[in-house]
Amino acid sequence: MEFKITQQGEVQVVHLLGDKLNAANSKVFRDALAPTFSAGGKFVLDLQNLGFMDSSGIGALLSCLRQANEAKGDIKLCNVQKPVQILFQLVRMNRVFDIHSTVTLAVEAYQNGTQ
């Protein structure tokens, strides 16, 4: 799973470039981003390109959130595509993550103190 990190003020935006987060790549994703999330801070995961996720992908996202939270940080999600959105609703991930429709709205949620 490839990704690109950009900075918007004090928020790091992680753009996932692959279209799948599953058993085949979730460990690589988690391991590659562990140092970033473990450092703490405010993060937005842009899932615009992600059209498929399985339980391993969900586990990877939860691991990232746990790492960020342990370092007094947080992760918001944005641009969640319909198939992934449906999965999130089925397993109630929409109650775990703060989800926004765009990167801009997710970054603004930090600025407005919605954490």
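Residues numbered from 1 in each chain as written. Predicted model: local features only at pLDDT ≥ 70, side-chain atom pairs only at ≥ 80, totals over all residues. Heavy atoms only, no water.

Next up on the list: the side chain of Lys76. Mapped onto the secondary structure, Lys76 falls in strand β6 (residues 74–78). A distance of 2.8 Å separates polar atoms of two side chains, one belonging to Lys76 and the other to Asp98. (Helix = DSSP H or I, 4+ residues; strand = E, 2+ residues; numbered from the N terminus. Polar contact = N/O pair within 3.5 Å; in protein donor to acceptor, adjacent residues only side chain to side chain.)

Let us now look at the sheet that holds β6. In any sheet, the strands associate via hydrogen bonds between backbone groups, in a parallel or an antiparallel arrangement. Strands sit in the order β1-β2-β4-β6-β7 across an open sheet of five strands; the sheet is mixed. Edge positions in the sheet fall to β1 (3–8) and β7 (98–100), since each has one partner strand and no second. Neighbour to neighbour, the strand axes of the sheet diverge by 25° on average, direction disregarded. Relative to β7, β6 runs parallel, the two sharing three bridges. (Pairing = 2+ DSSP bridges. Axes fitted to C-alpha atoms, helices over the stretch in contact; angles between N-to-C directions.)

In this section: the pairing of strand β4 (residues 42–46). Counting buried residues in β4 gives four out of five residues, a clear majority hidden from the surface. Alignment of strand β2 (residues 11–16) against β4, held across five bridges, turns out to be parallel. Looking at the pairing, His15 lines up with Asp46 of β4. (Buried < 20%, exposed > 50% of the residue type's maximum accessible area, 1.4 Å probe, protein only.)

With 13 residues, helix α1 (residues 26–38) extends 17 Å from end C-alpha to end C-alpha; this agrees with the ideal 18 Å at 1.5 Å per step. Residue Ala32 marks the point of greatest curvature in α1, where the axis turns by about 35°; the proline Pro35 follows within four residues. All buried positions along α1 are accounted for by Ser26, Phe29, Leu33, Ala34, Thr36 and Phe37. Tucked into the core, α1 has its buried residues touching β1, β2, β3 (20–21), β4, α2 (55–70) and β6. In the stretch just after α1, Gly40 is the one whose phi turns positive, near 80°. (Expected span 1.5 Å × (residues − 1). Bend = angle between axes of the 7 residues up to and from the residue. Contact = heavy atoms within 4.5 Å.)

Along the chain, the position of Gly9 falls in the loop between β1 and β2. Residue classification places Gly9 among the exposed residues on the basis of a relative accessible area of 62%. As for Gly9 and Lys42, which are separated by 33 residues in sequence, their C-alpha atoms are 10.0 Å apart.

Another aspect to go through is the packing of aromatic side chains. If you walk through the whole model with that rule in mind, you get one aromatic pair. Ring centres 4.7 Å apart and planes at 75° place the aromatic pair Phe37 and Phe43 in the edge-to-face group. Its relative accessible area of 0% is what places Phe43 among the buried residues. One residue, Lys76, lies across the ring of Tyr110, its end atom 4.6 Å from the ring centre. (Phe/Tyr/Trp six-rings, centres within 6.5 Å; stacked < 30°, edge-to-face > 60°. Lys NZ or Arg CZ within 6 Å of the ring centre and 35° of its normal.)

In a regular helix each residue adds 1.5 Å, so 16 residues correspond to 22 Å; α2 covers 22 Å between its end C-alpha atoms and thus fits that length. Buried residues of α2: Gly57, Ile58, Ala60, Leu61, Ser63, Cys64, Leu65, Gln67 and Ala68, and no others. In this fold, the buried residues of α2 make contact with β3, α1, β4, β5 (52–53), β6 and α3 (82–90). Residue Lys72 follows α2 closely and has a positive phi angle near 65°.

Looking now at the nonpolar core. Core analysis: the biggest nonpolar cluster contains 26 residues, and Phe29, Phe37, Met53, Ile75 and Phe88 have the highest contact counts within it. Looking at this core, the elements that each hand over two or more residues are β2, α1, β4, α2, β6 and α3. Here this core gets six residues from one element, more than from any other, and that element is α2. Setting aside anything within four residues of it in sequence, one finds Met53 in contact with Leu21, Ile58, Leu61, Val84, Leu87 and Phe88. Counting residues in hydrophobic clusters, the runner-up holds eight residues, among them Val11, Val13, Val44 and Val107. (Core = buried A, V, L, I, M, F, W, Y, C linked by side-chain atoms within 4.5 Å.)

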